[in-house]
Amino acid sequence: MRKTFALIISIVIIQFSNGQDKPLTTVERTNYEATSTYTEVMTFIGELQKQSEFIRIETIAITIEGRDIPLMIIGNPLPENVEDLKNDDRIVVYLQGNIHAGEVEGKEATQMMARDLLKYPESDIMKNVVILINPILNADGNEKFSTQNRKNQNGPESVGVRHNGQNLDLNRDAMKLETPEIRGLVMNVLNKWDPAISVDCHTTNGSYHEEPTTFVWMTNPNGDRNLINFMRDEMMPKVHRTLWEKYNVENIFYGEFIDRLDYSKGWISYAAEPRYLVNYIGIRNRLAILNENYVYADFKTRVNASYHLLLTILEYASENKKEIKKLLSEVDQATIARGMKPALTDSFAIKYKGLPTPEKITIKAIEADTIPGMKGYWRFKQSDRKSTVTVDYFADYFLTEGVRFPYAYLLTIKDLELIDVLKTHGIEMEQLSTGINLPVEKFMINKLTGSKRLNQGHYTNNIEGEFIVEEKVFTEGTYVIRTGQKLGSLIAYLLEPQSDDGLLVWNYFDRYLVPQWGGSYYPYPVYRLVEKQKLPLN
């Protein structure tokens, strides 16, 4: 009987641990004592390219310190370019490791996955999926090896750092696009290849439990609800069951206890803002998964768990490609239609709240003790007491305050940096070919304060104000950004003045908001055109 690809993969990974196949990853060569350097990663994937006709390597970015960030394109047949996929029924999946270079399971698991896929070019996955793999997004951070990094982590002994060469966290840069790594990812993966599913691999901190891997879907409520519900109710539960039952990998949905000393308060996935890459991809109407491997499990167990999670996701994508592609197409069409003629009920969430999902979550918890004299996040230590609990899972975020979704935004400033950021996101922009008088909503600022502490190099803005309806003449050349496009939700998130993660928050508009003298404010230089209007556009 012909073995399934999944069974073959399981056998292969056992063989690798015995040194029976080449090339070996660094963890396999060192029996999981060390993780890969940048040079070792590049050498490994270079060997794969020499051995197989089903892989090509592209560069998606060059880091501040001059390192190429690689992207492996894998498939049978191998697409020569993205244009080859226009009439291709395969689904595109993107796997990413090392966005935080001390969190290294994904870096190793994605290398293994690339090798194992290429060994079996006739497998269903290779026939049904175009796989994009970036094992080392934070190449500069990877090279800052030290035994002092992530000392709470159960191996390997020496790893890199969280930040990139600019001292910025790549997983806080999805909206502001200040790093070459995330700009390259957006331009050369998300915009170019438009993966249906993306997976971002990390390592946890936080609550204690037995399961070696956790994962969660995109949760921001300004993403499409149909996609969120599909992940919550269909794909992620199936992946959870398959990973546990087929591959014997215990797993739970990602989060931590709201109160480590009182489990009854629930388990929460708390980061819903689109500065986080997975939520950003959700705002773009695509499926995204955060993989967080359990920091206190041993390194080999974490790599194995991450590897089999990735495999399970690829299997699901292969088996359900038609349904997924159909769902994404329908959501794109609905987003475009909403922007072309916004209804009174179409809202953008400026405030939202996490509520329990329909299904509770069962966790094999390890109870925490407090450390006398310690305060804050690190005041807990793991005990030897175990307790399996079933509690509410707070991962469903819903609007609590919103504004009506507009037909278009009009940008009255010609700021080259701002325009570049919008275009880098993939947003379509037009300009008025002649002046026109339009009924718009103007946002008047009542209060503007910066954060007390620097956040990613920014004193981020907190704003209060109100919209005023007025007639305004807009001159020739004014930028018009209509929301009737696939990235309509992202457009609103970037440009709404009350957005919790927009470009106003990240100081892109600061020089245009306050006069040199006095205590007043200028109007926010982005106007909302709520109703559809016939516009003279270039």
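Attention here is on the structure that accompanies the text. (Residues numbered from 1 in each chain as written. Predicted model: local features only at pLDDT ≥ 70, side-chain atom pairs only at ≥ 80, totals over all residues. Heavy atoms only, no water.)

**Topic: the overall build of the chain**
Then step 1. When helices and strands are tallied, the chain shows 13 helices and 20 strands.
Then step 2. A compact globule built from 538 residues should have a C-alpha radius of gyration of about 24 Å, and the chain, at 24 Å, falls within 12% of that.
Then step 3. Seen along its three principal axes, the alpha-carbon backbone of the chain occupies a region of about 75 × 60 × 45 Å.
Then step 4. Per-residue burial over the chain gives 59% buried out of 538 residues.
Then step 5. Look at the contacts in the chain between residues 6 or more apart in sequence, and 78% of them connect residues 24 or more apart. (Helix = DSSP H or I, 4+ residues; strand = E, 2+ residues; numbered from the N terminus. Rg over C-alpha atoms; globule rule 2.2 N^0.38 Å. Buried < 20%, exposed > 50% of the residue type's maximum accessible area, 1.4 Å probe, protein only. Contact = heavy atoms within 4.5 Å.)

**A closer look at unusual backbone geometry**
Then step 1. Residues Asn76 and Pro77 are joined by a peptide bond in cis, for which omega reads 5°.
Then step 2. Backbone geometry at Asn167 places phi at a positive 65°, although glycine is not the residue there.
Then step 3. With respect to the helices and strands, Asn167 occurs in the loop between helix H6 (139-142) and helix H7 (180-193).
Then step 4. Residue classification places Asn167 among the exposed positions, given a relative accessible area of 52%.
Then step 5. The phi torsion at Asn248 lies on the positive side, around 55°, for a residue other than glycine.
Then step 6. The residue Asn248 is located in the loop between helix H8 (225-245) and strand E7 (251-253) in this model.
Then step 7. Given a relative accessible area of 67%, Asn248 falls into the exposed group.

**With respect to helix H13 (residues 488-495)**
An α-helix turns once per 3.6 residues; consequently, residues spaced three or four apart project the same way.
Then step 1. Most of H13 sits out of view: eight of its eight residues are buried.
Then step 2. Looking at H13, one finds that the buried residues are Gly488, Ser489, Leu490, Ile491, Ala492, Tyr493, Leu494 and Leu495.

**What about the sheet that holds strand E10 (residues 287-293)?**
Two strands in a sheet stick together by hydrogen bonds in their backbones, pointing the same way (parallel) or opposite ways (antiparallel).
Then step 1. With mixed pairing, eight strands are arranged side by side in an open sheet as E1-E2-E4-E3-E5-E10-E6-E7. The sheet terminates laterally at strand E1 (55-62) and E7, the two strands that pair on one side only. Adjacent strand axes in the sheet meet at a mean angle of 20°, parallel and antiparallel pairs treated alike.
Then step 2. In this structure, strand E6 (residues 213-217) lies alongside E10, joined through five bridges in antiparallel fashion. Of the residues in E10, the one forming a bridge with Phe215 is Asn291. (Pairing = 2+ DSSP bridges. Axes fitted to C-alpha atoms, helices over the stretch in contact; angles between N-to-C directions.)

**Some remarks on the nonpolar core**
Then step 1. Counting 146 residues, the largest nonpolar core has Ile197, Met235 and Phe509 as the members making the most contacts within it.
Then step 2. Of all the elements, helix H10 (residues 299-319) adds the most residues to this core, at eleven residues.
Then step 3. Other than its neighbours up to four places away in sequence, Ile197 contacts Ile91, Val92, Val93, Tyr94, Met235, Leu287, Ile289, Ile313, Ala317 and Ile324.
Then step 4. Counting residues in hydrophobic clusters, the runner-up holds twelve residues, among them Tyr407, Ala408, Ile436 and Phe474. (Core = buried A, V, L, I, M, F, W, Y, C linked by side-chain atoms within 4.5 Å.)

**Observations regarding the pairing of strand E19 (residues 479-482)**
Then step 1. By the bridge criterion, four bridges tie strand E15 (residues 408-411) to E19 in an arrangement that is antiparallel. Counterpart to Tyr409 in the pairing with E19 is Ile481.

**Concerning the packing of helix H3 (residues 38-51) against helix H4 (residues 105-119)**
Then step 1. Two elements in contact, H3 and H4, have axes separated by 10 Å at closest approach and are oriented at 10°. One finds that H3 runs roughly parallel with respect to H4. Within the contact between the two elements, H3 uses Val41, Phe44 and Leu48 and H4 uses Lys107, Gln111, Ala114, Arg115 and Leu118.
Then step 2. In the contact of H3 with H4, the residues fall into five nonpolar, one polar and two charged. (Parallel < 35°, antiparallel > 145°, perpendicular 65-115°, else oblique. Nonpolar A, V, L, I, M, F, W, Y, C, P; charged D, E, K, R; others polar.)

**Digging into the environment of Trp517**
Then step 1. Along the chain, Trp517 turns up in the loop between H13 and strand E20 (526-529).
Then step 2. With relative accessibility at 67%, the residue Trp517 sits in the exposed group.

**A few points about the environment of Thr213**
Then step 1. Mapping Thr213 onto the fold places it in strand E6.
Then step 2. Taking the C-alpha atoms as reference points, Thr213 and Ser306, 93 residues apart in sequence, are found 6.6 Å from one another.
Then step 3. Dropping the residues within four chain positions of it, Thr213 is found in contact with Leu243, Val249, Glu250, Asn251, Ile252, Asn291, Glu292, Asn293, Tyr294, Ala305 and Leu309.
Then step 4. Reaching out from Thr213, the side chain makes a polar contact with the side chain of Asn291 at a distance of 3.0 Å. (Polar contact = N/O pair within 3.5 Å; in protein donor to acceptor, adjacent residues only side chain to side chain.)

**Quick notes on the pairing of strand E5 (residues 197-203)**
Then step 1. E5 sits mainly inside the fold: seven of its seven residues count as buried.
Then step 2. By the alternation rule, side chains of E5 split into Ile197, Val199, Cys201 and Thr203 and Ser198, Asp200 and His202, which are all buried.
Then step 3. Bridge count for strand E3 (residues 91-96) against E5 is four bridges, and the pairing is parallel. For Gln96, the partnering residue across the bridge sits in E5 and is Asp200.
Then step 4. One ladder, built from seven bridges, connects E5 with E10; its direction is parallel. By the bridge assignment, Ser198 is partnered in E10 with Ala288.

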